[in-house]
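Structural characterization, general
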Amino acid sequence: GGSAGYLPELLQELETTRNPKIIDILWERLYHQGSVFSASFAALPYLARIAEQWQPNKERLKLVSLAVEILSGEDIENLRRPGQPQDSWTTTSDRIDLDSPYRGRYQEEIDILLRLVEEHMQQPNLSSGEFSYLLVNILPLKGYASLKNEFEYLVSTCWCGWSGCCSFCNTEMEIYPGEDNIIAELETDNGKKQQTDIQPISPESLTGIMKWLYDTATEKGYESIARKITCMMGTGTCLNCGEQFNMPEYFGFAESLRK
């Protein structure tokens, strides 16, 4: 993974043939196990330009998503060279979040990719999963890369839980998305499970990027996604001590919302 070998040839072949199998190869080369490399960033302008030539379809979205993952991925090459501050960062938000001094160097690609994702959002008959995936892709492009993982997890439909600890009693709970809600679950010592719904925030209380996400989902008719967005910003009750916790604080993305 991360090898730049044959990369120019692969990109040229993709532009010429539009062979979807090449996209899979590029994912492996440029976004290997969640990490990105210098070759990944070198390929960004070409990925954006090639995607721009295609009509909206699943292959173009896969190419766009690769570019988004590069922009918000962990650059392990630079993390290993901390003595180069201009090109190193410890978190992905240092690269393209709104307050990042480095965002401007990728602005041309960001603008192209943002337009392409918005075009995909106009396609008819998108499933709820497809639409939430587009919202996941648009967050880094709008400058909220640090929210991407939390949004993807809490708003998608996923069978597994995300562990977290109550800040009051340190009890570990699982939190996972339902069909149109978010659920907290506690497994007791005797193996029994207790569950409670996360209580949504009022839509009128949403601001900034969360309001935009909610309004977009509502406008497009994705009510279950809209409700989970309000739950993502809502509150829960610890199933052990009964204290109330705030979801943005619980998951550590409260600071990102202040951008």
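This text follows the structure it describes.
Residues numbered from 1 in each chain as written. Predicted model: local features only at pLDDT ≥ 70, side-chain atom pairs only at ≥ 80, totals over all residues. Heavy atoms only, no water.

1. Quick word on helix α8 (residues 128-141)
Side chains of residues three or four places apart in an α-helix project in the same direction, reflecting 3.6 residues per turn. The end-to-end C-alpha distance of α8, which contains 14 residues, comes to 21 Å, matching closely the 20 Å that a straight helix rising 1.5 Å per residue would cover. With respect to burial, α8 is a largely interior element, 10 of its 14 residues being buried. Among all positions of α8, only Phe131, Ser132, Leu134, Leu135, Val136, Asn137, Ile138, Leu139, Pro140 and Leu141 are buried. Positioned one or two residues after α8, Gly143 has a phi angle of 100 degrees, which is positive. (Helix = DSSP H or I, 4+ residues; strand = E, 2+ residues; numbered from the N terminus. Expected span 1.5 Å × (residues − 1). Buried < 20%, exposed > 50% of the residue type's maximum accessible area, 1.4 Å probe, protein only.)

2. Quick notes on the nonpolar core
Core analysis: the largest hydrophobic core is formed by 81 residues, its most contacted members being Leu26 and Leu47. Those residues in contact with Leu47 that lie beyond four places of it in its chain are Leu11, Leu26, Leu30, Leu63, Leu66, Ala67 and Ile70. (Core = buried A, V, L, I, M, F, W, Y, C linked by side-chain atoms within 4.5 Å. Contact = heavy atoms within 4.5 Å.)

3. Re the pairing of strand β6 (residues 193-197)
Strand direction decides the pairing type here: strand β5 (residues 182-187) and β6, joined by five bridges, are antiparallel. Bridge pairing in β6 places Leu186 opposite Gln194. Between β5 and β6, which pair antiparallel and follow one another directly, the connecting turn spans five residues, one of which, Gly191, has a positive phi of 85 degrees. (Pairing = 2+ DSSP bridges.)

4. A look at the packing of aromatic side chains
Going through the model one piece at a time under the given rule, you end up with five aromatic pairs. Pairing Phe41 with Tyr106 gives two aromatic rings, centres 6.0 Å apart and planes at 35 degrees, and the pair type is tilted. Placement of Phe41 in helix α3 (residues 38-52) and of Tyr106 in the loop between α6 (93-96) and α7 (107-121) is noted, with a sequence separation of 65 residues between them. One exposure class covers both Phe41 and Tyr106, and it is buried. Geometrically, the ring pair formed by Tyr250 and Phe251 is edge-to-face, given 5.2 Å between the ring centres and 70 degrees between the ring planes. Owing to a relative accessible area of 17%, Tyr250 belongs among the buried residues under this scheme. Taken together, Phe245, Tyr250 and Phe251 form an aromatic cluster joined through their ring pairs. Over the ring of Trp212 we find Lys142; its NZ or CZ atom is 4.4 Å from the centre of that ring. (Phe/Tyr/Trp six-rings, centres within 6.5 Å; stacked < 30°, edge-to-face > 60°. Lys NZ or Arg CZ within 6 Å of the ring centre and 35° of its normal.)

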